[in-house]
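Spelled out, the chains give:
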Amino acid sequence: MKADSILGVVGNTPHVKLSNIFRDQPDKDVWIKLERCNPGGSIKDRIALAMIEDAEQKGILKPGISEIAEPTSGNQGIGLAIACALKGYPLTLVIPSHYSEERRRIMASYGAKVEVIPIERGFDAALFRVMHIAKERPQTWIPNQFTNPSAVRIHEEVTAAEILRDFPDGFDYLITGVGSGSHITGVAKALKEKFPKLKVYAVEPATSDVITATMEGRPIEHLQHKIQGIAAGFVPPNCDVKLLDGVVHVSNEEAFEYARRAPREEGLFCGMSTGASLAAVAKMLPKMEPGARVLTFNYDLGDRYLSVPDLFVGGDISFVEVDSPLTAFPERLLLPSQVANKARLANVPPYVEPLPAQPAAPAEAPAPAILG
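What comes next is a walk through the structure. Residue numbering note: each chain is counted from 1, following its sequence as written. This being a predicted model, a pLDDT of at least 70 is required before a residue's local features are given, and a value of 80 or more before pairs of side-chain atoms are given or counted; all residues contribute to the totals for chains, interfaces and linings. The side-chain figures draw on all heavy atoms in the structure; neither hydrogens nor water molecules are used.

As a further point, take the overall build of the protein chain. Secondary structure elements follow DSSP: runs of H or I of four or more residues count as helices, runs of E of two or more count as strands, with numbering from the N terminus. Looking only at helices and strands, the protein chain has 11 helices and 10 strands in total. Three exposure classes are used, based on accessible area relative to the maximum for each residue type with a 1.4 Å probe and protein chains only: buried under 20%, partly exposed in between, and exposed over 50%. Residue burial in the protein chain is summarised as follows: out of 372 residues, 47% are buried. Roughly 19200 Å² of accessible area belongs to the protein chain as shown, and the carbon and sulfur atoms make up 56% of that amount. Every accessible area reported is derived by Shrake-Rupley at a probe size of 1.4 Å, with residue values counting cover from the shown protein chains alone.

Here it is, written out as structure tokens:
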């Protein structure tokens, strides 16, 4: 595979069967689409590039003139930062402070200006700040992943096509989270047109049942949660709830548990939003008919959440002392370079902590000259 730039390898992500984590339901097939394989490590690379290229085609973005600003929880910002680095647009990203430090550093590493707002202000405040930036600098364009139709379109036309290419017989269930709402809407729309019996379930935190409340016509309740990447506290306009057959609620603890289990049981190092979807699948599998085929999504990589408290805890990590010199090992266990240096290594004395450097003695004054 060849590409003219890193943007050319966005998409075409693989599908992997989960064989171990749901071993207690052997009569069901669960597949996961690895969006972590995008160059920015997440599903958001798709819509970031799609929104920018759509704006360029419409003449909204003008190279050398336009700037971009966007509120983000991190992954959308990373996708935008990569595209802007290649296309030359100055980019400002506004992120609430409770999202991981790794995400901020990654966005900044791609050249974006990152502004962090207090967690107490919420995601609405991030959007308000971006609108203020656009007012100050009229050349600024706001992609707005929550309302931009091109974000839904790329998933309907491209992501769904990738799924259908690998699974021409379709799935019985699609279970996935809601961030901007674009991927669940776009994929569900395309797959339901081909497979009308497909059941689509949204995943949301137990403390933020905004989608459920909207579907039931009752007041929305949103409390802070720890599942970064989904449930911003409102139903995004890009999320078409009419396509949903239900909602699965997942607690912080359940999402964290499956994020920890995934790398140990499936070799899949992922974040807590993927953990939430895996937990939702686990809840739904016992209710499904034998032979059911399920699709979910791996949204991003786990290494951008290493600083999150209580997520990746434990593990067998220890520091050990090594007393035996290298020359005590038989040559069959050594690298060629170590064999070649074995004689030299045999004469290396044990390591001794060096003494602290002593101040140099003052130079003696020269003897006075004797004049005769």
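Another aspect to go through is the packing of aromatic side chains. A pair of aromatic rings is counted whenever rings of Phe, Tyr or Trp (Trp by its six-membered ring) have centres within 6.5 Å, and the orientation is called stacked for planes under 30 degrees apart, edge-to-face for over 60 and tilted otherwise. In the structure shown here, the tally under the stated rule is seven aromatic pairs. One aromatic cluster is present, formed by Trp31, Phe167 and Phe171 through successive ring pairs. We call a charge positioned over a ring when the NZ of a Lys or the CZ of an Arg lies within 6 Å of the ring centre and within 35 degrees of the ring normal. For the cation-ring pair, arginine 293 lies above phenylalanine 171, with the distance from its terminal atom to the ring centre recorded as 5.5 Å.

The next thing to look at is the pairing of strand E4 (residues 91-96). With six of its six residues buried, E4 lies for the most part within the structure. Burial of E4 is two-sided: the residues Leu91, Leu93 and Ile95 facing one way and the residues Thr92, Val94 and Pro96 facing the other way are all buried. As paired elements, strand E3 (residues 67-71) and E4 share four bridges and run parallel to each other. Paired with glutamate 70 across the bridge in E4 is leucine 93. Running through helix H2 (residues 75-87), the crossover from E3 to the neighbouring parallel element E4 is right-handed. Two strands pair when backbone bridges link them, and E4 and strand E5 (residues 113-117) are joined in this way by five bridges, in the parallel orientation. From the neighbouring strand, valine 94 faces E5, where its bridge partner is glutamate 115. At least two DSSP bridges between two strands are required for those strands to pair. With its strands directed away from the observer, a crossover is right-handed exactly when the path from the first strand over the helix to the second travels clockwise.

In this section: the sheet that holds strand E6 (residues 140-141). Read from one edge of the open sheet, four strands run E5-E4-E3-E6, paired in parallel fashion. Each edge of the open sheet carries a strand with a single partner, namely E5 and E6. By the bridge criterion, two bridges tie E3 to E6 in an arrangement that is parallel. When the sheet's bridge partners are listed, isoleucine 68 is paired in E6 with tryptophan 141. By the convention used here, residues are in contact when the closest approach between their heavy atoms is within 4.5 Å. The axes used here are C-alpha line fits, helices contributing only the stretch in contact, and every angle between their N-to-C directions lies in the interval 0 to 180 degrees. Each of E3 and E4 is contacted by H2, which is oriented at about 170° to E4, the strand it contacts most.

This brings us to the sheet that holds strand E1 (residues 15-17). The mixed open sheet is built from six strands, whose spatial order is E1-E2-E10-E7-E8-E9. Of all the strands in the sheet, the pair left with one neighbour each is E1 and strand E9 (246-250). With strand direction ignored, the average angle separating the axes of adjacent strands in the sheet is 25°. Bridge count between E1 and strand E2 (residues 29-34): three bridges; the pairing is antiparallel. The residue bridging valine 16 from the neighbouring strand is isoleucine 32, located in E2.

Criterion for a salt bridge: a side-chain nitrogen of Lys or Arg within 4 Å of a carboxyl oxygen of Asp or Glu. All chains considered together, the criterion is met by 24 salt bridges. When the shortest N-O distance is used, the salt bridge between lysine 17 and aspartate 29 registers 3.2 Å. Of this pair, lysine 17 sits in strand E1 while aspartate 29 sits in strand E2; the two residues are 12 residues apart in sequence, bridging distant segments of the chain. Looking at lysine 17, the relative accessible area reads 37%, which means it is partly exposed. For the salt bridge of lysine 189 with glutamate 156, the shortest nitrogen-to-oxygen distance reads 3.9 Å. Residue lysine 189 is located in helix H6 (residues 182-194), and its partner glutamate 156 is located in helix H5 (residues 149-166); the two are separated by 33 residues in the primary sequence. On the basis of relative accessible area, lysine 189 is assigned to the partly exposed category, the value being 37%. A relative accessible area of 24% places glutamate 156 in the partly exposed class. By sharing partners, the salt bridges in this structure join Lys33, Glu35, Arg46 and Glu162 into a single network.

Another aspect to go through is helix H1 (residues 44-57). Counted at 1.5 Å a residue, the expected span for H1 with its 14 residues is 20 Å, and the 20 Å between its end C-alpha atoms agrees. The element H1 is largely enclosed, with a buried count of 11 among its 14 residues. Residues Lys44, Asp45, Arg46, Ile47, Ala48, Leu49, Ala50, Met51, Ile52, Asp54 and Ala55 constitute the buried set of H1. Buried residues in H1 make contact with E2, E3, H2, E6, H5 and H6. Residue glycine 59 follows H1 closely and has a positive phi angle near 80°. What a helix should span is 1.5 Å times the count of its residues minus one.

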